[in-house]
Amino acid sequence: MSLSKKESAIVHGFEMRPTKSGDGAENPGDIEYWSLLCFAFAFIGIIVKYKICLWISVVCCVAYLANMKAKDAGLRQIVSSVSLSLMGLVMAYFGPNSHMFI
Amino acid sequence: MNKKIYFILIGILLLGLISVSLSQPTEFNEVEVEEDIEYEGTGVENKYQSLNQDGGSEAPQPQEPEIIATEVREETEEMKKKRELDALPFFKRQKHWYMEITFIVIIIFYVINYFIGEKTNRDLVKLWGRKFQPIFEQNFAKVGNRDVFTIIKINASTFTFICTGRENCNGAQVTLDLKKRHDLFSVLLDAFGFGSPDKVTIEVALTKDVMDPLIFAVVKQKALAKFKSDHEDVNLFCSKYNQATGLSSSFGVLCDTDCLPSLFLKNEVVSTLNANENLFESMYFTDHSLINTKYQKALQFIFKFPKVSDIDKLVLLTKMAVHFIDIVAKVELPKAHKQKAEKLREKAKESVVKQAHQDRQEELQKKKFEKMQKEKEMVAKMTPEQQRKYDEKEYKKQLKKKASGKYKVLLS
């Protein structure tokens, strides 16, 4: 078997499954459901003033951070979902209208 | 990971600061309200005092002011109660904290599980790396992205590793899809039996000039229908091979020409597959691969990741996968079968072209029809005079068309 090993056959930059398609767009299977859920629950929680929705959004945010791909871990990505869900919680407990949250 | 924690901590700190700054103006508002009410109360008394002074001959009426004063007092008492409640710190206002405690416990469990699960996956990958490094180093000139044997982490449960530098192939990619042990919800799903097992996928990209046109797959009988629907080429060209191959009954063989099983399923391979029946998922050789359009000739092997004690079984299967690179590259189909395979591909190509042409025609017709309908609607909305003008225009257009046609005829 080792006879087939060949230095000249090395393909530089070989990638069987390209992480990004040719035009730079991400593969369609890569939608981050946790992030979407986090945003959705945070918005619902803030608008309808339900604390439980805000807490669910925080849990979704934690799950999103845990399932994040190593190459995607950028400041902008993290800050957007974390800040929104935590902001909701702060509004519910420390904000001037905190008594309105159920 | 350290980075993530760092960002989260910064976020919490920032939000804490914002919350402190938000809580200060609320106290200030309350103080303002108190002052206003006191002033109102005194205002009522002042009003009646001034009435007494200016009333002159009329005697003062002591009853009315008393009633109003008591109302004001009641209001102020209610307001006072409210104010007292509002003045309490937020953690004393809430009656119970069950929901908050539950969610905090869930988050704490999630974080603890993340670290434990991630470490377990990492250890499994390390073990795999130690066991399989010599096999890949023997067969490929360059193992890993750099000069050292490196396994790249895609996320906490997916790891990948690339090797290249071998005859007949551009390279191979090994992907380790482990259970999502870092995700508490996946762990719970797995506990109820809905999780997927640990998998090892080996994908090899063969060079263009090797390998005859062939599509061949060995899949578990249960997953046969799903495999067919997932792989378009298998669905188009292959049929199930029903003759005896020596494989156990849990395997199903798919091929485009009948000679393939006898060429690939030699005694050694059959015995290896039968011995590791529970670890094997699928084996798939194709010249129409959709994994990467750059490398259409590809091999794909999917195995389950065994228990740590049984990892030697996986070594045998991996060696078989590497061994198949040369076998598939050098295989020569009998002439009749090769012609049949080529004909099949030509037919498929023709049908694809036909289908595309038909689709285009249909689309054109649809557009024409829509345009006609729009024009009709437009004419229906017009006044009689506008319609007459429109008809004249159309008639002129048609005449012009005819005239230009005549010219063309004359010129030719």
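As named in an unreviewed UniProt entry, chain B is DUF1682 family protein, taken from Polysphondylium violaceum. What UniProt records for chain B under Subcellular location (unreviewed entry) is the sentence "Membrane".

As annotated in an unreviewed UniProt entry, chain A carries the name Protein Asterix and is attributed to Polysphondylium violaceum. On record in UniProt, under Sequence similarities (unreviewed entry), the comment for chain A is "Belongs to the Asterix family." Quoted verbatim from the Subcellular location (unreviewed entry) heading of the UniProt record, the comment on chain A is "Membrane".

### Digging into the overall build of chain B
A count of helices and strands for chain B gives 12 helices and 10 strands. Counting the 412 residues in chain B, one finds 35% classified as buried. Residue pairs at least 24 apart in sequence account for 65% of intrachain contacts in chain B once pairs closer than 6 positions are excluded. Roughly 27500 Å² of accessible area belongs to chain B as shown, and the carbon and sulfur atoms make up 56% of that amount.

### Focus on the overall build of chain A
Summing up its helical and strand segments, chain A has 3 helices and 0 strands in all. Scanning chain A from its N terminus toward the C terminus, one meets helices and strands in the order α-α-α. Looking at chain A as a whole, 40% of its 102 residues qualify as buried. In chain A, once contacts between residues fewer than 6 apart in sequence are set aside, the share between residues at least 24 apart is 56%. Summed over all atoms, the accessible surface of chain A reaches about 5700 Å², with 65% contributed by carbon and sulfur.

### Quick word on the side chain of Asn170(B)
Among the secondary structure elements, Asn170(B) is positioned in strand E4 (residues 169-177). Setting aside its immediate chain neighbours within four residues, Asn170(B) contacts Ala9(A), Val11(A), Phe14(A), Thr164(B), Gly165(B), Ala205(B), Leu206(B), Thr207(B) and Tyr295(B).

### Here's the deal with the state of the cysteines
Residue and element names in this part refer to chain B. Taken as a whole and assessed by the stated rule, the structure comprises 0 disulfides over all chains. In this structure Cys-255 is not part of a disulfide, and its nearest cysteine sulfur, from Cys-238, lies 6.7 Å away. Cys-255 sits in the buried class, given a relative accessible area of 1%.

### What about the pairing of strand E10 (residues 298-304) of chain B?
All names here are of chain B. Burial analysis of E10 places 6 of its 7 residues in the buried class, the great majority of the element. Sheet topology places strand E5 (residues 199-206) next to E10; 7 bridges connect them, and they run antiparallel. Counted as the bridge partner of Glu-203 is Gln-300 from E10. Bridging between strand E9 (residues 280-286) and E10 involves 6 bridges; their strand directions are antiparallel.

### Observations regarding the interface of chain B and chain A
At the interface, 56 residues of chain B touch 41 residues of chain A. Between chain B and chain A lies a buried interface of about 4400 Å² when both sides are counted; carbon and sulfur atoms form 70% of it. Our count for the chain B to chain A interface comes out at 0 salt bridges. Inspection of the chain B/chain A interface yields 2 residue pairs in polar contact (both at pLDDT 80 or more). For the side of chain B that touches chain A, the element with the most residues is helix H4 (residues 98-139) of chain B, which contributes 12 residues.

### A few points about a positive patch on the surface
Residue and element names in this part refer to chain B. A surface patch of like charges, here positive, comprises Lys-371, Lys-389, Lys-393, Lys-397 and Lys-401. Of all the elements, helix H12 (residues 384-411) adds the most residues to the positive patch, at 4 residues. You can see Lys-401 is positioned in helix H12. Look at Lys-401 and you get exposed, because its relative accessible area is 65%.

### Description of helix H9 (residues 267-275) of chain B
All names here are of chain B. For H9, the set of buried residues is Val-269, Val-270, Thr-272 and Leu-273. One face of H9 carries all of its buried residues, which in axial projection span an arc of 165°. Looking at H9, the residues exposed on the side facing more than 90 degrees away from the buried face are Asn-267, Glu-268 and Ala-275. Residues of H9 that are buried make contact with strand E8 (251-255), helix H8 (260-264), E9 and helix H10 (311-330).

Analysis parameters
- Residues numbered from 1 in each chain as written.
- Chains lettered and ligands numbered in written order.
- Predicted model: local features only at pLDDT ≥ 70, side-chain atom pairs only at ≥ 80, totals over all residues.
- Heavy atoms only, no water.
- UniProt positions renumbered as here; feature names shortened; annotations may be inferred.
- Helix = DSSP H or I, 4+ residues; strand = E, 2+ residues; numbered from the N terminus.
- Buried < 20%, exposed > 50% of the residue type's maximum accessible area, 1.4 Å probe, protein only.
- Contact = heavy atoms within 4.5 Å.
- Areas by Shrake-Rupley, 256 points an atom, 1.4 Å probe, with all protein chains shown as cover.
- Disulfide = S-S within 2.5 Å.
- Pairing = 2+ DSSP bridges.
- Buried area = accessible area lost by both parts, 1.4 Å probe.
- Salt bridge = Lys/Arg side-chain N within 4 Å of Asp/Glu carboxyl O.
- Polar contact = N/O pair within 3.5 Å; in protein donor to acceptor, adjacent residues only side chain to side chain.
- Patch = residues over 30% accessible without salt bridge, like charges linked within 9 Å, V, L, I, M, F, W, Y side chains within 5 Å.
- Lys, Arg positive; Asp, Glu negative; His and termini not counted.
- Charge placed at Lys NZ, Arg CZ, Asp CG, Glu CD.
- Arc of directions from axis to C-beta.

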